[in-house]
Amino acid sequence: MQEVVDLLADEYGWSDSVSNLSAKLQRESLRYGKLRVVFNGIEKSDL
């Protein structure tokens with residue numbers, strides 16, 4: 001998860017906190033556009 005968060009922080013200026021992303025995922029508070037960015041980050045990291 002840290003690898004994905006680091007990639008998103010580098011490419012999009014997002015917070016580099018795993019707990020921040022985890023909380024947003026648990027609350028389902030990510031908008032569709034940001035969710036697509038997360039999935040793109042996962043694909044790039046080869047998880």
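Below or above, wherever it landed, is the structure these notes cover. (Residues numbered from 1 in each chain as written. Predicted model: local features only at pLDDT ≥ 70, side-chain atom pairs only at ≥ 80, totals over all residues. Heavy atoms only, no water.)

**Notes on helix α1 (residues 2-12)**
Argument step 1. Inspection of α1 places V4, V5, L8 and A9 among the buried residues, and these make up the whole buried set. The buried residues of α1 occupy an angular sector of 135° when the element is viewed end-on, so they sit on one face.
Argument step 2. Backbone geometry just downstream of α1 places G13 in the positive-phi region, at approximately 75°. (Buried < 20%, exposed > 50% of the residue type's maximum accessible area, 1.4 Å probe, protein only. Helix = DSSP H or I, 4+ residues; strand = E, 2+ residues; numbered from the N terminus. Arc of directions from axis to C-beta.)

**Examining a negative patch on the surface**
Argument step 1. A contiguous patch of negative charge, built from E3, D6, D10 and D16, is present on the exposed surface.
Argument step 2. Within the secondary structure, D10 sits in helix α1.
Argument step 3. In this structure D10 comes out as exposed when scored by relative accessible area, which is 67%. (Patch = residues over 30% accessible without salt bridge, like charges linked within 9 Å, V, L, I, M, F, W, Y side chains within 5 Å. Areas by Shrake-Rupley, 256 points an atom, 1.4 Å probe, with all protein chains shown as cover. Salt bridge = Lys/Arg side-chain N within 4 Å of Asp/Glu carboxyl O. Lys, Arg positive; Asp, Glu negative; His and termini not counted. Charge placed at Lys NZ, Arg CZ, Asp CG, Glu CD.)

**Side note on the nonpolar core**
Argument step 1. Core analysis: the largest hydrophobic core is formed by 7 residues, namely V4, V5, L8, L21, L30, V37 and V38.
Argument step 2. By residue number, the principal contributor to this core is α1, which donates 3 residues.
Argument step 3. Among all residues touching L8, those that are not within four sequence positions of it are G13, W14, L21, V37, V38 and G41. (Core = buried A, V, L, I, M, F, W, Y, C linked by side-chain atoms within 4.5 Å. Contact = heavy atoms within 4.5 Å.)

**Here's the deal with the packing of aromatic side chains**
Argument step 1. Summed over the entire model, instances satisfying the criterion amount to 1 aromatic pair.
Argument step 2. On the numbers, 6.5 Å between centres and 50° between planes, the contact of Y12 with W14 is tilted.
Argument step 3. Note on Y12: relative accessible area 40%, which makes it partly exposed. (Phe/Tyr/Trp six-rings, centres within 6.5 Å; stacked < 30°, edge-to-face > 60°.)

**Section: the environment of E11**
Argument step 1. Assignment of secondary structure puts E11 in helix α1.
Argument step 2. E11 sits in the partly exposed class, given a relative accessible area of 40%.
Argument step 3. Expressed as a C-alpha distance, the spacing of E11 and K44, which sit 33 residues apart in the sequence, is 11 Å.

Keep in mind these numbers describe shape, not what the thing actually does.
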